[in-house]
Amino acid sequence: MSLSGKKILVGVTASIAAYKTILLTRLLVKAGAEVKIIMTPAAENFVSRLVLSTLSKNPVVSALATDGSWSNHVMLGRWADVFIVAPLSCNTLAKMATGLCDNMLLATYLSATCPIVVAPAMDEDMWYHETTSKNLSFLSRHGKHILKVASGELASGLNGMGRMMEPEDIISWVETFFGQQLLLVGKKVLITAGPTYEPIDPVRFIGNHSSGLMGIEIARACSQLGAQVTLVLGPTSLPVSDNVVTIKVNTAEEMFAVCQQHFGANDIAIMTAAVADYRPENVASEKIKKDDSEFTIRMVRNPDILAWAGAQKRANQLVVGFALETENEVANAKAKLDKKSADLIVLNSLRDVEAGFGKQTNKVSLITPSNVVEWPTNSKAVIADQLAKYIAEMPSKEHVNTAHSA
Ligand code: PMT
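This write-up is about the structure you can find in this document. (Residues numbered from 1 in each chain as written. Predicted model: local features only at pLDDT ≥ 70, side-chain atom pairs only at ≥ 80, totals over all residues. Heavy atoms only, no water.)

**Here we look at the state of the cysteines**
Here the structure, examined in full by the defined rule, presents zero disulfides. Here cysteine 90 stays unpaired: no disulfide links it, and the sulfur of cysteine 101, its closest cysteine neighbor, is 20 Å away. Considering cysteine sulfurs only, cysteine 259 is the nearest to cysteine 222, which forms no disulfide, with 15 Å between them. (Disulfide = S-S within 2.5 Å.)

**What to know about the sheet that holds strand β22 (residues 371-374)**
Taken in spatial order, the eight strands make up an open sheet running β14-β13-β10-β15-β18-β19-β21-β22, and their pairing is mixed. With partners counted over all chains shown, the strands left at the sheet margins are β14 (245-248) and β22, one partner each. For this sheet the average axis-to-axis angle between neighbouring strands, irrespective of direction, equals 15°. (Pairing = 2+ DSSP bridges. Helix = DSSP H or I, 4+ residues; strand = E, 2+ residues; numbered from the N terminus. Axes fitted to C-alpha atoms, helices over the stretch in contact; angles between N-to-C directions.)

**Overview of the sheet that holds strand β2 (residues 34-39)**
Strands sit in the order β2-β1-β5-β6-β7 across an open sheet of five strands; the sheet is parallel. Looking at which strands have only one partner, the edges of the open sheet turn out to be β2 and β7 (145-146). Direction of pairing for strand β1 (residues 7-12) relative to strand β5 (residues 82-88): parallel, over a ladder of four bridges. Bridge pairing in β5 links glycine 11 to valine 85. Contacting β1, β5, β6 (116-120) and β7, helix α8 (residues 167-181) crosses the sheet at an angle of about 160° to β5. (Contact = heavy atoms within 4.5 Å.)

**A closer look at the side chain of serine 210**
Tracing the backbone through its elements, the reader meets serine 210 in the loop between β12 (204-206) and α9 (213-224). Exposure remark for serine 210: the relative accessible area of 14% places this residue in the buried category. Polar side-chain contacts of serine 210 include one of 3.4 Å to the backbone nitrogen of glycine 212. Ignoring any residue separated from it by four or fewer positions in sequence, one finds serine 210 in contact with Gly194, Pro195, Ala274 and Phe357. (Buried < 20%, exposed > 50% of the residue type's maximum accessible area, 1.4 Å probe, protein only. Polar contact = N/O pair within 3.5 Å; in protein donor to acceptor, adjacent residues only side chain to side chain.)

**Here we look at the pattern of salt bridges**
Within the structure shown, the criterion is met by 15 salt bridges. Between glutamate 217 and arginine 220 there is a salt bridge, with its nearest N and O atoms 2.8 Å apart. You can see glutamate 217 and its partner arginine 220 sitting in helix α9, three residues apart, about one turn around the helix. You'll find glutamate 217 and arginine 220 in the same group, each marked buried. (Salt bridge = Lys/Arg side-chain N within 4 Å of Asp/Glu carboxyl O.)

**Some points on unusual backbone geometry**
Look at the link from alanine 86 to proline 87: it is a cis peptide, with omega at 0°. Within the secondary structure, proline 87 is located in strand β5. With a phi close to 40°, asparagine 328 is a non-glycine residue in the positive phi region. As for its position among the elements, asparagine 328 is in the loop between β18 (318-325) and α12 (329-339). Using a relative accessible area of 52% as the deciding quantity, one classes asparagine 328 as exposed.

**Overview of the environment of methionine 255**
Summarising the element assignment, methionine 255 is placed in helix α10 (residues 252-262). Taking the relative accessible area as the measure of exposure, methionine 255 reaches 0% and is therefore buried. Taking the C-alpha atoms as reference points, methionine 255 and proline 195, separated by 60 residues in sequence, lie 10 Å from one another. When near neighbours in sequence (up to four residues on either side) are disregarded, methionine 255 contacts Thr192, Ala193, Thr196, Val232, Gly234, Val249, Ala273, Val275 and Ile305.

**Section: the packing of helix α4 (residues 90-98) against helix α5 (residues 104-111)**
Axis separation between α4 and α5 bottoms out at 10 Å; the angle between their running directions is 40°. Our classification of the angle between α4 and α5 gives oblique. You can see that α4 and α5 cross each other, and the crossing is right-handed. Residues Thr92, Lys95 and Met96 of α4 form the contact with α5, whose participating residues are Leu105, Leu106 and Tyr109. Residue composition of the contact of α4 with α5, by class: four nonpolar, one polar and one charged. (Parallel < 35°, antiparallel > 145°, perpendicular 65-115°, else oblique. Left-handed = near helix turned anticlockwise from the far one by under 90°. Nonpolar A, V, L, I, M, F, W, Y, C, P; charged D, E, K, R; others polar.)

**Some thoughts on the pairing of β6**
Burial of β6 is extensive: five of the five residues sit out of reach of the surface. Residue alternation in β6 divides its side chains into two sets, Ile116, Val118 and Pro120 and Val117 and Ala119, and both sets are buried. As judged from the four bridges shared by β5 and β6, these two strands associate in the parallel manner. Considered in β6, the bridge of isoleucine 84 is made with valine 117. One ladder, built from two bridges, connects β6 with β7; its direction is parallel. Note that in β7 the partner of valine 118 across the bridge is isoleucine 146.

**Topic: α5**
With six of eight residues buried, α5 lies mostly within the body of the structure. Restricting attention to buried positions, one finds in α5 the residues Met104, Leu105, Leu106, Ala107, Thr108 and Tyr109. N-capping of α5 is provided by asparagine 103, with a side-chain oxygen placed 3.1 Å from the backbone N of leucine 105.

This is the structure we're talking about:
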């Protein structure tokens, strides 16, 4: 596979293995990629800026500001289709895992919206040190891709684990990665996310604790797999990836109206929103004043957007719902799968401390008409990546729930 048109940002840190970045840069450019390079200041002791800028055909960046002008780390991280840090030293790894930001490479890392891949390189004792494992597993849990190290001769003269992956193998990894990214090319995905706010009067509403993160991450993951994504997003201040078309709504009825308008044009619908099942029957036009009497709000049912989509879906459309349960989780989720004619229900339980509303992590089980699969706890970013891939590869006939299809 060629890397033609791919924008690849390479980060170089201070390690003897930086000599391999020269060949990596050459191979990336040869494969058709546009390459830009950032070095940490200490990396300049290990590899020449002149060599890397000549091979990448772009100036190498290492300072946050030069000659009175500021280097735009935010735009570099947004420009790239992937950011590969190779070699990754122990020092930069520790800074990445703790959010330190004392150079251009780290500032770019902290603001990057593209996928991030790291190729560690260190001596065996450092590789096996408990802080290295802890830092790498932190990065992995937060969706960063960790390339394997090899065993062999090390800079110390010892033999053991810690050699950076060879440039040819990194190229193969990147090609596979972009190959996988094409899984949803040509597909349109409609996603709902966040809470809904059901107004009581101009200043009060009934809502819930959804932050929107789960759905926003799924939108990002589907878009990275090449899909055209429309995100119908309830009230939240969380940022959304640039490539996702976002339609902001407040109430369940607004969310439903947008979904009705867009569902027919989409191949896949993924409903992660925590939609209010009820809304106040009457919304006061002025702020309700308190007095000494009790106050009752009469509630009426909101439309069930997932059930509507399940009932509408054509044979070539996939409908995925979420279920947030507090008891009899699997049985309740299976009932939702059936009642709402979904092809897949992603179950999360409020009984799991690492799952649900407002958390960075989630723990989900995938419920299809034929199967229940439990996934381990992971960051919502990683779960979104895995879920987008799972949905893209869902064998259409085996799993598809046609029980109530039109
Ligand atoms: O936003 P976060 O803070 O990241 O939290 C993520 C989450 C916990 C909100 C998410 O993982 C989740 O579980 N979303 C579904 C929450 C929910 O409302 O579950 P439910 O069991 O009540 O609804 C079942 C399904 O029907 C959901 O797909 C829901 O979007 C859909 N539904 C529900 C009611 C309704 N009126 N319309 C719907 O479409």
